[in-house]
Amino acid sequence: MSTTKPGRRAPTLADLDGLPPGTVGEIINGVLYTMTKPRALHQRIMTGIGSSVGEPFDMGRGGPGGWWIVTGPGIELPNTPEISPDVAGWRRERMPEMPDDEPIRLVPDWVCEILSKTTRHHDQLVKMPYYAEVGVAHAWIVDVEARVLTAQRLESSRWLTIGTYSDETEARIAPFDAVPLNVADWWPPAPGDSEAGDPRGRHR
């Protein structure tokens, strides 16, 4: 993880375009943060959560719909031309149409960040305070190593933990508590698990 130094010119999207292969970045409150591109496990969990939430709440399959759910969206906000949660959601009553040829410029109603060795510090100490600053209402922090999902709600500009989840197969997690979610199915096999020995292995 690296950042621009205070006092230098404000970074732009051109700086992001010029990053070397395998490096990605975000510009948050005028600071460029760079990190290695997420690996396969990180991307798999992004996809699993995006699909689990997106099917009932975006596509309306087995759920109420009413949301846009996007994995890895590039969001443009004041003084922050590029921030990209792992997964994010917008209520359609706030954003009736998904932008086509333009960035999303509306603060999400929900974000999900998946902690990894290279992003843990950035996610917790930079992005979460920023999400509170701009008024994201709900956030999930997914700690793959600990196999724990922490759900938080913004209250009085501060994050309040409203639940933690690990091996639940029918978890009701705000703001998507209208439909039970299989949290246990998102994790990679624990050390020593096998397809035969892990009763959830057939779903992986």
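The structure this text deals with has already been given above.
Sequence order sets the numbering: in each chain, residues are counted from 1 along the sequence as written. A pLDDT threshold of at least 70 governs which residues receive local features in this predicted model, and a stricter bar of 80 or more applies before side-chain atom pairs are shown or counted, although totals over entire chains, interfaces and linings include all residues. Excluding hydrogens and water, the side-chain values take into account all heavy atoms of the structure.

On to the side chain of E26, then. To qualify as a helix, a DSSP run of H or I must reach at least 4 residues; to qualify as a strand, a run of E must reach at least 2; elements of each kind are numbered from the N terminus. Position of E26 relative to the elements: it lies in strand β2 (residues 23–28). Look at E26 and you get buried, because its relative accessible area is 4%. N or O atoms closer than or at 3.5 Å make up a polar contact, with two conditions inside protein: a donor-capable atom paired with an acceptor-capable one, and, for residues adjacent in sequence, both atoms drawn from side chains. Polar contacts involving the side chain of E26 include one to the side chain of H122, which spans 2.7 Å. Contacts are assigned to residue pairs that have any heavy atoms within 4.5 Å of one another. Other than its neighbours up to four places away in sequence, E26 contacts L16, V31, L32, Y33, M35, E82, I83, S84, P85, H122 and K127. In this scheme, a residue with accessible area under 20% of its type's maximum is buried, one over 50% is exposed, and one in between is partly exposed, where area comes from a 1.4 Å probe on protein chains only.

Judged by nonpolar contacts, the single largest core of 25 residues is most densely connected at I49, W110, W140 and V142. At the level of elements, α2 (40–57), β4 (67–71), β8 (110–115), β9 (138–143) and β10 (148–155) are the ones that each hand at least two residues to this core. At five residues, the largest contribution of residues to this core is made by α2. Put simply, buried Ala, Val, Leu, Ile, Met, Phe, Trp, Tyr and Cys residues joined by side-chain atoms within 4.5 Å make one nonpolar core. Core analysis: the next-biggest nonpolar cluster, separate from the first, contains 21 residues, L77, V111, Y131 and A139 among them.

Looking now at the pairing of strand β6 (residues 80–83). The criterion for strand pairing is that DSSP finds at least two bridges linking the strands in question. Pairing between strand β5 (residues 75–77) and β6: two bridges, direction antiparallel. Counted as the bridge partner of I75 is I83 from β6. The hairpin turn running from β5 into β6, its antiparallel successor, is two residues long, and N79 in that turn takes a positive phi close to 65°.

Any functional reading would require information beyond the geometric quantities listed.
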